[in-house]
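As a plain string of letters, each chain reads:
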Amino acid sequence: MIPYGLTRRVLFCLDWKLSLRERNTLFEYMYRDLADKITCGLLRYGDVLPSMNDLCTRYNVGIRTVRDVVAALKEDGFIVTEERKRATVSYRANLEDGIAVGARSLIARRSTVLESLQTLELLMPMMLWRAARSCSVEELDALRSSAYPVDYEMRSGDWRVSRSSVAQHELLKKADNPLFVECFASLELASIVPVYPGYADPYAEAVERSGHVLKDVFDALKLGSYEQACGEISYMFADMAEYIVPYLDALEADYPIDDKVSGLPYTWNARAGREYAYAQHARDVISRIASGEYADGDLLPSIAEFAEMYDASLSTIQKTLEMINALGIVETVNGCGTRVCLSNMRFDPRFFGEPSYKRDTEVFLAALDMMGIVLPVAVKTTAGRFE
């Protein structure tokens with residue numbers, strides 16, 4: 001039993017309110033990226049898209065997201081699909097018009113591209129170092145070998161993710177923190193630029209000059225040299241920005257845009273794919289109780305009313321109320337409804353077996369680990385801006 005005077009503070013600790021969005025940001029990014037490649041001619045009429053599994057690897061998303069994106073691209077007329085065959089581009093783009101549209105779209109998100117690279121430069125040293133501490137020398141040697149030869153074949157009709165990117169993803173997985181992999185994947189996708197015919201390929205130039213950098217990174221990680229490893233990792237991303245800037249300048253000179261035009265900003269929803277719908281609704285109800293919208297002793301809306309409010313099924317709302325009942329915040333009586341009962345607030349040990357609670361605990365611990373990486377960087381980066 002928790003003393004009544006503490007219930008408000010406890011409720012605010014339980015207030016994990018989520019911003020409910022109509023579409024997952026991973027879906028939005030993947031759809032826009034593929035649609036842009038098709039409309040600007042990088043993926044041309046008749047080109048075959050990578051397999052579902054390859055798309056999962058390329059965008060670091062689940063198979064369900066890939067299927068949703070493929071279905072949306074088909075519905076919008078960009079691709080055609082056949083059973084047991086990979087999707088084929090069906091959109092006929094005028095190459096010059098497509099390049100113009102794609103180039104202006106890229107220029108509009110110039111700041112997003114460069115800021116994403118800058119963020120990778122700041123965060124990846126600590127994330128890769130942290131992951132390497134969980135690896136044996138043999139594992140680091142295997143990852144080092146897998147990264148070569150360096151390959152940036154990501155722009156043809158049957159592109160694959162680069163070997164160096166795969167090696168970094170595999171190393172980050174060793175940290176056993178999914179947020180590391182997802183943070184890297186989202187920033188990497190935001191920083192990648194399409195290469196148009198007639199312009200110098202910034203990736204090819206970077207590989208020619210500094211293709212050995214990842215090898216040096218793994219050598220430093222294997223030796224346990226913190227400063228050398230972090231320096232090489234930072235250089236790797238800073239060097240890439242040096243080649244992308246003149247490429248963007250050349251595009252902007254040929255395809256100028258209005259200053260008022262802006263591309264989509266970088267977003268990353270770390271909770272994506274980790275939430276049960278009924279848990280989202282439970283947290284929202286808890287938030288409403290904490291804010292006083294539903295006071296102690298108040299009767300909550302009926303299951304049917306909650307279902308309409310959250311656009312959810314009756315069974316989902318029943319699970320929502322079961323979850324809040326387990327916390328002792330409310331009490332449901334058959335035939336009488338559900339009433340707020342803060343004076344009876346408790347924690348049922350059986351709740352530890354609830355899948356949503358387990359998942360929340362794992363996400364919380366992963367987030368703490370992630371904050372240990374982000375906070376020192378944030379403090380160091382912003383310290384000089386405070387008066």
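Treat the numbers as computed from the prediction; the structure is a model and nothing was measured.

## Considerations on the overall build of the protein chain
Secondary structure assignment for the protein chain yields 16 helices and 4 strands. Put simply, the protein chain has 387 residues, and 43% of those count as buried. Restricting the contact set of the protein chain to residue pairs at least 6 apart, pairs at least 24 apart contribute 74%. Looking at the protein chain as shown, the accessible area adds up to about 20400 Å², and 53% of this sits on carbon and sulfur atoms.

## A closer look at the packing of aromatic side chains
Within the structure shown, the criterion is met by 6 aromatic pairs. Taking 6.4 Å as the distance between ring centres and 75 degrees as the angle between the ring planes, the aromatic pair formed by Y31 and F78 counts as edge-to-face. Linking Y31 in helix α2 (residues 25-39) with F78 in the loop between α4 (63-75) and β1 (79-80), this pair joins segments that are 47 residues apart in sequence. Here Y31 falls in the buried class, since its relative accessible area comes to 18%.

## Topic: the pairing of strand β4 (residues 337-340)
Because side chains alternate across β4, one face comprises the buried residues T338 and V340, and the other comprises G337 and R339, none of which is buried. Across 4 bridges, strand β3 (residues 330-333) lies against β4 in antiparallel orientation. Across the sheet, E331 pairs through a bridge with R339, a residue of β4. The loop that links β3 with its antiparallel partner β4 comprises 3 residues; one of these, G335, has a positive phi angle of about 85 degrees.

## Describing the packing of helix α6 (residues 110-132) against helix α8 (residues 163-173)
Contact geometry for α6 and α8: axes closest at 7 Å, N-to-C directions at 60 degrees. Between α6 and α8, the interaxial angle falls into the category oblique. At the point where α6 passes α8, the crossing takes the left-handed sense. Along the contact surface, α6 presents M124, M127, L128, A131 and A132, while α8 presents Q168, L171 and L172. Of the residues in the contact of α6 with α8, the class split is 7 nonpolar, 1 polar and no charged.

Cut-offs applied
- Residues numbered from 1 in each chain as written.
- Predicted model: local features only at pLDDT ≥ 70, side-chain atom pairs only at ≥ 80, totals over all residues.
- Heavy atoms only, no water.
- Helix = DSSP H or I, 4+ residues; strand = E, 2+ residues; numbered from the N terminus.
- Buried < 20%, exposed > 50% of the residue type's maximum accessible area, 1.4 Å probe, protein only.
- Contact = heavy atoms within 4.5 Å.
- Areas by Shrake-Rupley, 256 points an atom, 1.4 Å probe, with all protein chains shown as cover.
- Phe/Tyr/Trp six-rings, centres within 6.5 Å; stacked < 30°, edge-to-face > 60°.
- Pairing = 2+ DSSP bridges.
- Axes fitted to C-alpha atoms, helices over the stretch in contact; angles between N-to-C directions.
- Parallel < 35°, antiparallel > 145°, perpendicular 65-115°, else oblique.
- Left-handed = near helix turned anticlockwise from the far one by under 90°.
- Nonpolar A, V, L, I, M, F, W, Y, C, P; charged D, E, K, R; others polar.

Any functional reading would require information beyond the geometric quantities listed.
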